[in-house]
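# Observations on chain architecture
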Amino acid sequence: MRKVKFAIIGAGTAGLNALGYIRRQTDDFVMIHGGPYGTTCARVGCMPSKALIHAANHYEQRLHLDICGIHGGDKLEVDGAEVMKFVRQLRDRFSGGVHANTTATLKEGQLIEGYAEFVGPNQLKVGDEIVEAERIIIGTGSTPVVPGPWKALGDKLLTSDEIFELETLPKRLAVIGLGVIGLELGQAFARLGVEVTAVEMLNTMAGLSSPELIAEAEKLMSKEMKVYLGQAADLSLNPDNEDEVLLKVGDEEIAVDLVLGSLGRRPNLAGLNLPAAGIELNERGMPSFDLETMQIEDKPIFIAGDVNAFRPILHEAGDEGRAAVLNAFAYPEVKAYPRKTMLGVAFSEPQVGLIGMSYAQAEKQGAVSVTFMLERSNGRAIVMGQDKGGLSLYADPDTYELFGAELLMADAEHLGHMLAWAIQDKQTVFDLLMKPFYHPVLEEALQDALRQLAHKLQPERTNWVEVELRQ
Ligand SMILES: Cc1cc2nc3c(=O)[nH]c(=O)nc-3n(C[C@H](O)[C@H](O)[C@H](O)COP(=O)(O)OP(=O)(O)OC[C@H]3O[C@@H](n4cnc5c(N)ncnc54)[C@H](O)[C@@H]3O)c2cc1C
Ligand SMILES: NC(=O)c1ccc[n+]([C@@H]2O[C@H](COP(=O)([O-])OP(=O)(O)OC[C@H]3O[C@@H](n4cnc5c(N)ncnc54)[C@H](O)[C@@H]3O)[C@@H](O)[C@H]2O)c1
């Protein structure tokens, strides 16, 4: 039996943020890690996906050159093997860098390799070893969901955990689930010349809930891949050709070479045996924890990152890892660390930005909303050939504070930050209209949307400066 003050389970983004703090304070800790090093984000997530998207978007540019008087784009060709090599090279650089600067620098005995499970309130079993820790941080991440019957597809069914290992590009790919992963990777593969058929069971994609933006996203994505929204997919191996998978959707049957399952991710909790620590699980198998302290019940156990399923994105995992470790030190006097405004980005083209409250939530709360479409309305977007998509903004009818925004437009990653910061600072629609907007920039679309929203909030007034001065 080994006794330590602190144990971190999982060397992902959440766990490594906790580790960074602990190791500066004490040697009395252990990091327990199962699986490959380098974090989900760097190894099979954010970074390889962005490398693939980068290559795909470069190639896509060839379609927009002729119009500017630049010819020869049609002679460009994709070398699928080299594209995938490029993706893996960047992936190795990022994940190798993470490991080299963190887990690889731990001293002998500070790192235990293997999967931890609770065997008592403060006791963890890893292989044959038992560790007793006074305070424990769980940062075990999540795993792609794969429905049991689809396992019969064998190596024809890939998830984001495997797809970056492809030696070359498939000819025909089915993407099941058009959440963030399905949309980003489906579009990237389509742009690289793969015939992509995408099926999503809900009538939306990438988490959008603004009806006009969903309709626009469907229209735009349907130009690049076959898109079926609100439909269930049935998959089976072709009995006459074992190299093919048959995708049935509605009345259609489509033969593909590979399937990307992007149906969401499940927290890595099952193997931890939390009940052995006296932790109750709800009907979904989740423990009860506080979103601002990261503490489970009133125990010296904290849960951070994808494993708690709250906001499974990188910066949230980092923030939660830091809150968890500070509270592991402060226990039992834990402190609440207020959450930041929600900010999510899908790196499709146009990008998707989800900021603050969703459109659907805001509607339920009686928000005043506008949706502003970009087509032919923003000079810079027209010059860039990116006058597609739009933005929905919604505000509190009483305070005029922005509740949130959904974006489907170029540079949503940057506009999304500005909006998230404004929402977190409780700025009103009129506060934002008092800010400078340059010309010609995409931000002018935000200004236009804000003007429409201001007009809806205070229809009798049309002079924004005046409105603001009278607040
Ligand atoms: C394809 C893809 C693209 C993404 N793109 C983005 C993006 O662009 N932007 C963004 O913000 N987010 C993105 N994400 C999400 C982001 O990667 C995750 O939110 C983040 O990596 C979660 O970090 P984590 O620390 O919670 O988990 P992880 O990094 O998964 O770390 C958990 C670690 O714990 C280990 N472990 C599991 N069980 C145990 C156990 N019992 N004992 C010991 N160790 C264990 C696991 O093997 C794993 O290594 C993407 C995800 C994917 C899959
Ligand atoms: N840019 C980013 O920030 C980024 C990029 C990729 C992934 N991620 C993170 O990774 C997580 C996982 O991504 P994801 O796209 O797998 O999950 P997701 O939850 O975003 O989307 C999964 C989608 O699959 C659909 N679905 C589920 N079962 C289905 C079925 N049987 N048939 C058809 N559709 C089905 C769901 O309705 C949903 O729309 C996300 O929650 C996100 O936080 C983030």
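Computed from a predicted model, the values in this text were never measured in an experiment.

Okay, the site of ligand 2 next. As a matter of local geometry, ligand 2 sits amid 19 residues, with Ile181, Glu184, Glu200, Pro312 and Val345 nearest to it. Take Glu200: an N or O atom from its side chain is 2.6 Å from an oxygen atom of ligand 2. Backbone polar atom of Met201 to a nitrogen atom of ligand 2: 3.2 Å apart, as the coordinates give it. A total of 840 Å² of accessible area belongs to ligand 2 in isolation, and the protein chains cover 76% of it. Mapped onto the shell around ligand 2, the elements with two or more residues apiece are helix 6 (180-191) and strand 10 (195-200). Considering each element in turn, the shell around ligand 2 owes the most residues, three residues, to helix 6. Grouping the constituent residues of the shell around ligand 2 by class yields eleven nonpolar, four polar and four charged.

The next point concerns the domain arrangement of the chain. Partitioning the chain into domains gives domain 1 (2-144 + 266-330), domain 2 (148-263) and domain 3 (343-470). For domain 1 versus domain 2, the separation of C-alpha centres amounts to 26 Å. Domain 1 puts 21 residues into the contact, and the matching count from domain 2 is 16 residues. Buried surface at the junction of domain 1 and domain 2, summed over both partners, amounts to about 1700 Å²; 64% is from carbon and sulfur atoms. Across the domain 1-domain 2 interface, the total number found is four salt bridges. Two residues, Arg88 and Glu167, come together in a salt bridge whose shortest N-O distance is 3.7 Å.

Turning next to the confidence of the model for the chain. Residues of the chain with pLDDT of at least 70 account for 98%, and the chain-wide mean is 96. This complex was scored by the predictor with a pTM of 0.97 and an ipTM of 0.98.

The next thing to look at is the site of ligand 1. Taken together, 34 residues lie near ligand 1, and Ala14, Gly34, Thr40, Lys50 and Asp306 sit nearest. Within the backbone of Ala14, one N or O atom sits 2.8 Å away from an oxygen atom of ligand 1. When isolated, ligand 1 has an accessible area of 1000 Å², and the protein chains bury 90% of it. Every element with two or more residues in the shell around ligand 1 is listed here: helix 1 (13-25), strand 2 (29-33), helix 2 (40-44), helix 3 (46-60) and helix 8 (314-330). The residue inventory of the shell around ligand 1, partitioned by class, reads 15 nonpolar, 16 polar and three charged.

Taken in spatial order, the three strands line up as 12-13-14 in an open sheet, and their pairing is antiparallel. Single-partner strands in this sheet number two, and they are strand 12 (234-238) and strand 14 (252-256). When the angles between neighbouring strand axes are averaged without regard to direction, this sheet yields 30 degrees.

Its place among the elements puts Gln351 in strand 19 (residues 351-356). Among the polar contacts made by the side chain of Gln351, one reaches the main-chain amide nitrogen of Glu413 at a distance of 2.8 Å. Contacts of Gln351, omitting those with residues within four sequence positions, involve Val345, Ala346, Leu407, Leu408, Met409, Ala410, Asp411, Ala412 and Glu413.

We now examine the sheet that holds strand 9 (residues 172-176). Spatial ordering of the open sheet is given by 8-15-9-10-11, a layout of five strands whose pairing is parallel. With partners counted over all chains shown, the strands left at the sheet margins are strand 8 (157-158) and strand 11 (226-229), one partner each. When strand 9 meets strand 10, the two strands line up parallel, connected through five bridges. Bridge assignment links Ile176 to a residue of strand 10, and that residue is Val199.

Here, the residues flagged by UniProt with the feature "domain: Pyridine nucleotide-disulphide oxidoreductase dimerisation" (unreviewed entry) are residues 344-449. As annotated, residues 344-449 comprises 34% helix and 27% strand, and the C-alpha atoms at either end are separated by 20 Å.

Once that is clear, we can look at the packing of helix 1 against helix 8. Helix 8 packs onto helix 1 with a crossing angle of 35 degrees between their chain directions and a minimal axis gap of 7 Å. Like other packed secondary-structure pairs, helix 1 and helix 8 cross with a definite hand, here right-handed. Contact residues: Thr13, Ala14, Asn17, Ala18, Tyr21, Ile22 and Gln25 in helix 1; Leu314, Ala317, Gly318, Gly321, Arg322, Val325, Leu326 and Phe329 in helix 8. For the contact of helix 1 with helix 8, the per-class residue count stands at nine nonpolar, five polar and one charged.

Here the focus is the pairing of strand 12. Where a strand is regular, its side chains alternate between the two sheet faces. Pairing between strand 12 and strand 13 (residues 241-249): five bridges, direction antiparallel. Residue pairing for strand 13: Asp234 is matched across the bridge by Lys248. Linkage of strand 12 to strand 13, two consecutive antiparallel strands, is achieved through a turn of two residues.

In a disulfide, the sulfur atoms of two cysteines are held together by a covalent bond. Across all of its chains, the model carries one disulfide by this definition. A sulfur-sulfur separation of 2.3 Å characterises the disulfide bridge that pairs Cys41 with Cys46. Disulfide Cys41 to Cys46: torsion about the S-S bond roughly -135 degrees, handedness left-handed. Here Cys41 falls in the buried class, since its relative accessible area comes to 14%.

Rules used in this analysis
- Residues numbered from 1 in each chain as written.
- Chains lettered and ligands numbered in written order.
- Predicted model: local features only at pLDDT ≥ 70, side-chain atom pairs only at ≥ 80, totals over all residues.
- Heavy atoms only, no water.
- Near = heavy atom within 4 Å.
- Polar contact = N/O pair within 3.5 Å; in protein donor to acceptor, adjacent residues only side chain to side chain.
- Areas by Shrake-Rupley, 256 points an atom, 1.4 Å probe, with all protein chains shown as cover.
- Helix = DSSP H or I, 4+ residues; strand = E, 2+ residues; numbered from the N terminus.
- Nonpolar A, V, L, I, M, F, W, Y, C, P; charged D, E, K, R; others polar.
- Domains from an automatic or database assignment.
- Contact = heavy atoms within 4.5 Å.
- Buried area = accessible area lost by both parts, 1.4 Å probe.
- Salt bridge = Lys/Arg side-chain N within 4 Å of Asp/Glu carboxyl O.
- pLDDT = per-residue confidence, 0-100.
- Pairing = 2+ DSSP bridges.
- Axes fitted to C-alpha atoms, helices over the stretch in contact; angles between N-to-C directions.
- UniProt positions renumbered as here; feature names shortened; annotations may be inferred.
- Left-handed = near helix turned anticlockwise from the far one by under 90°.
- Disulfide = S-S within 2.5 Å.
- Buried < 20%, exposed > 50% of the residue type's maximum accessible area, 1.4 Å probe, protein only.

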